[in-house]
Amino acid sequence: MYEFPCNRKIIHVDMDAFYASVEQMDHPELKGKPIAVGGSEKRGVVSAASYEARKFGVKSAMSGLQAKRNCPELIFVKPRFDRYHEISKKIRRIFFDYTDLVEPLSLDEAYLDVTENKKGNPSASLIAKEIRERIFNEIGLTASAGISINKFIAKVASDFNKPNGQKTINPEDVISFLEQLDIRKFYGVGKVTAEKMYQLGIFTGLDLKSKSIEFLEEHFGKSGKYYYYVVRGIHTSEVKPNRIRKSLAAERTFNENLSSEVFMLEKLSNIANEVSRRLNESKVAGKTVTLKIKYSDFTMQTRSKTLHYFISDAALILETAKDLLYQETLSNSVRLLGISMSHLNTETNKETEQKNVSVQLKFEF
């Protein structure tokens, strides 16, 4: 019999339609209109969609063509990642006013452990509310938040009252909340896994909880143990300020398919420069260069080369990517190229997670 730790106060802050909201903030003429960041009417993939566009079923990772079919009035906007990075840094500075235990997941979301915080505020819910108000007043964007005893539940909760809302799952409400939760709402359960669970008669957290750990491991492998514990409120992963980055990448989708390696070199040069910029900004370097190629028929190919030394210089990245490009003849015209760096020099000894946690029965949340 396991007891779940309830001595932590975790906030998951998630910006609302971040890229699209930044574009609407910077360009008032776009406010209230359905916009898609990235993609185009003919090519590319949507990186983000405004809430006005989401009403028509437009979402990230959707092709620009399909997005336009769903929403004929859709406005495509070119992404400005430098601007998104700039805004993200401002948001994180607000987070650090409350705690040093901030774990960014991406530019637009992060975990905060406010169990002990710089404001001396015993209420995680009030801290989340104050952070969201500051983001709106100081930056001009809205954010949503989830508050609970661990990262898993906080992340699930942050999606409940979007946009511009928050939800707190108090320690005494965790089990009932998870038992009633639709299995599709469980973080880590994707579309394919959800379908498999449906076939096994698992539709809610209570259904999941009724299955033994042996049953779940038999049907879901290593993930089975994860599902067994999280549905019982057990998730011991700590908020780690220095998350270990395992890879870094950049890619580009072209307006017209490229059929010759010669035409791809300029594109690769730009991508290598972007990868180098991101590596240097993150103060890391890598040994393995991977070239990603997406053909006009949407088939994908990757080619990798591991060096004997760490690199972050654009010229060296480009030289390695060129070798990979010429490694074998292209099988078709190309619509996308990408370069990623892995085996980064951040992959040193990983901190061991603390598994033994103290239990506190009730406290102000």
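So, here is what we can say about the structure in this document. No experiment lies behind these values; they were computed from the predicted model shown.

Topologically, Asn257 is positioned in strand β9 (residues 247-258). When the C-alpha positions of Asn257 and Tyr295 are compared, they lie 8.3 Å apart, and in sequence the two are 38 residues distant. Excluding anything up to four places from it in sequence, Asn257 contacts Arg43, Ser296, Ser333, Val334 and Arg335.

Before going further, it helps to examine a nonpolar patch on the surface. Nonpolar side chains collect at one region of the surface, where Val262, Phe263 and Tyr326 lie side by side and expose about 350 Å² of accessible area between them. By secondary structure assignment, the location of Val262 is in helix α12 (residues 261-282). By relative accessible area, which is 58% here, Val262 ends up exposed.

Before going further, it helps to spend a moment on the pairing of strand β5 (residues 102-106). In this structure, β5 lies alongside strand β6 (residues 109-113), joined through 4 bridges in antiparallel fashion. By the bridge assignment, Ser106 is partnered in β6 with Glu109. Joining the antiparallel neighbours β5 and β6 is a turn of 2 residues.

In spatial order, the strands read β9-β12-β10-β11; together these 4 strands make up an open sheet with antiparallel pairing. If you trace the sheet from one side to the other, it starts and ends with β9 and β11 (300-311), each paired once. Direction aside, the axes of adjacent strands within the sheet are offset by 15° on average. Looking at chain direction, β9 and strand β12 (residues 334-344) are connected through 8 bridges and run antiparallel. Within β12, the position partnered with Leu248 by the bridge is Met341. In the packing of α12 onto the sheet, the strands contacted are β9, β10 (286-295), β11 and β12, and the crossing angle to β9 comes to about 155°. Here helix α13 (residues 314-325) sits on the sheet and contacts β10, β11 and β12; the angle it forms with β11, its principal contact strand, is near 140°.

What counts, and where the lines are drawn
Residues numbered from 1 in each chain as written. Predicted model: local features only at pLDDT ≥ 70, side-chain atom pairs only at ≥ 80, totals over all residues. Heavy atoms only, no water. Helix = DSSP H or I, 4+ residues; strand = E, 2+ residues; numbered from the N terminus. Contact = heavy atoms within 4.5 Å. Patch = residues over 30% accessible without salt bridge, like charges linked within 9 Å, V, L, I, M, F, W, Y side chains within 5 Å. Areas by Shrake-Rupley, 256 points an atom, 1.4 Å probe, with all protein chains shown as cover. Salt bridge = Lys/Arg side-chain N within 4 Å of Asp/Glu carboxyl O. Buried < 20%, exposed > 50% of the residue type's maximum accessible area, 1.4 Å probe, protein only. Pairing = 2+ DSSP bridges. Axes fitted to C-alpha atoms, helices over the stretch in contact; angles between N-to-C directions.

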